[in-house]
Amino acid sequence: MIKIAVVEDEDKEAEKLTAALKRYETEDCGGGYSFDIIRFKEAGAFLTNYKPVYDVVFMDIMLPGIDGLEAARRLRAFDENVALIFLTSMAQFAINGYSVNALDYFVKPFDYYDLKLRLDRVIKRLNERVPSVRVPVGGGVRSFNANDIYYIESFGHKLIYHTVDGEIEARGVPIKELEKQLEKCWFARCGVSYLVNLRHCKQVRGDTVLVGDDWLKLTRGKKKEFVDRLAEFFKSGAL
């Protein structure tokens, strides 16, 4: 799942961009990802109580109240990593976007195939930032974003990937090896059989942890290490 914010005050332009993103999702998204698109009509609403949960932000430059460039400067104080793309009817204003580390810009009205080429670039960047997990399923391999995994459950030689798209059963590497591979993506063991994505931890209660909609057992030998790792995750601001 790729989370996208569209900050655009003009309804017609916002609808056109959303339709183009949905078309790309259906026809051209080579990684097979789905988009979660949220639209904001002005920058103030977007920045209020902002949390770094977005992968991509499309920001109109000519916004009422706080303009797009100023909004981008404030955004970077909260989130240095989100892919920022400006929308403008005058390209000369977009040049200033490089001062806030903008990835790209579109001059309105934009062409879909121009958008597609730039989205390909965005997807490539996201793939480089967040590892894809390759899971052997049946006679083939399925690839998906590590952030879309809630947790991985181990039963002997079988693994069950609990993901945003449902459960996937697979045979693969031991869970200890997966733990090493996914450590940088903020995964941690809460027990012998569970490798948890800390991004999806909602609550720790006694000897259990709520991951997505499931309560998992926190074993005595793993509890302190897991809670310390979870505290490190929240402190990092990587939510």
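A brief report on the enclosed structure follows.

Time to look at unusual backbone geometry. Cis geometry is found at the peptide bond from K108 to P109, where omega equals -5°. Relative to the assigned elements, P109 resides in the loop between β5 (104-107) and α5 (112-129). Positive phi outside glycine occurs at N49, with the angle close to 55°. Position of N49 relative to the elements: it lies in the loop between α2 (43-47) and β3 (56-60). A positive phi angle is found at W186, which is not glycine, with a value near 65°. Turning to its location among the elements, W186 is positioned in the loop between α6 (175-182) and β11 (187-189). Residue classification places W186 among the buried residues on the basis of a relative accessible area of 14%.

Turning our attention to helix α7 (residues 220-236). Along its 17 residues, α7 runs 25 Å from first to last C-alpha, staying within 8% of the 24 Å computed at 1.5 Å per residue. Of all the positions in α7, only F226, R229, L230 and F233 are classed as buried. Angularly, the buried residues of α7 cover 105° about the axis, an arc narrow enough to put them on a single face. More than 90 degrees from the buried face of α7, the exposed residues found are R220, K224 and K235. Buried positions along α7 lie against β11, β12 (194-197), β13 (201-205) and β14 (208-211).

One open sheet accounts for 5 strands, arranged β10-β9-β8-β12-β11; its pairing is antiparallel. The open sheet is flanked by β10 (166-171) and β11, the only strands paired with a single partner. In this sheet, adjacent strand axes meet at a mean angle of 20° when their direction is disregarded. Relative to β12, β11 runs antiparallel, the two sharing 3 bridges. Along β12, the bridge assignment pairs A188 with V196. Sitting on the sheet, α6 touches β8 (149-155), β9 (158-163), β11 and β12, and the angle it makes with β12 is about 20°.

Another aspect to go through is the packing of aromatic side chains. The tally for this structure, following the rule as stated, stands at 13 aromatic pairs. Taken together, a centroid distance of 6.5 Å and an interplanar angle of 85° make the contact between F40 and Y54 edge-to-face. Placement of the pair is F40 in strand β2 (residues 35-40) and Y54 in the loop between α2 and β3, with a sequence separation of 14 residues. Y54 shares its class with F40; the two are buried. Three or more aromatic residues link up through ring pairs in this structure, and these residues are F40, F46, Y50, Y54 and F78. When the ring centre of F110 is taken as reference, the NZ or CZ atom of K16 above it lies at 4.9 Å.

Here the focus is the pattern of salt bridges. Evaluation of the coordinates by the stated rule reveals 17 salt bridges. Residue K41 is joined to D11 by a salt bridge in which the shortest nitrogen-to-oxygen separation is 3.6 Å. Of the two residues, K41 sits in the loop between β2 and α2 while D11 sits in helix α1 (residues 11-27), which places them 30 residues apart along the sequence. We classify K41 as partly exposed; its relative accessible area is 48%.

Reading the values: the criteria
Residues numbered from 1 in each chain as written. Predicted model: local features only at pLDDT ≥ 70, side-chain atom pairs only at ≥ 80, totals over all residues. Heavy atoms only, no water. Helix = DSSP H or I, 4+ residues; strand = E, 2+ residues; numbered from the N terminus. Buried < 20%, exposed > 50% of the residue type's maximum accessible area, 1.4 Å probe, protein only. Expected span 1.5 Å × (residues − 1). Arc of directions from axis to C-beta. Contact = heavy atoms within 4.5 Å. Pairing = 2+ DSSP bridges. Axes fitted to C-alpha atoms, helices over the stretch in contact; angles between N-to-C directions. Phe/Tyr/Trp six-rings, centres within 6.5 Å; stacked < 30°, edge-to-face > 60°. Lys NZ or Arg CZ within 6 Å of the ring centre and 35° of its normal. Salt bridge = Lys/Arg side-chain N within 4 Å of Asp/Glu carboxyl O.

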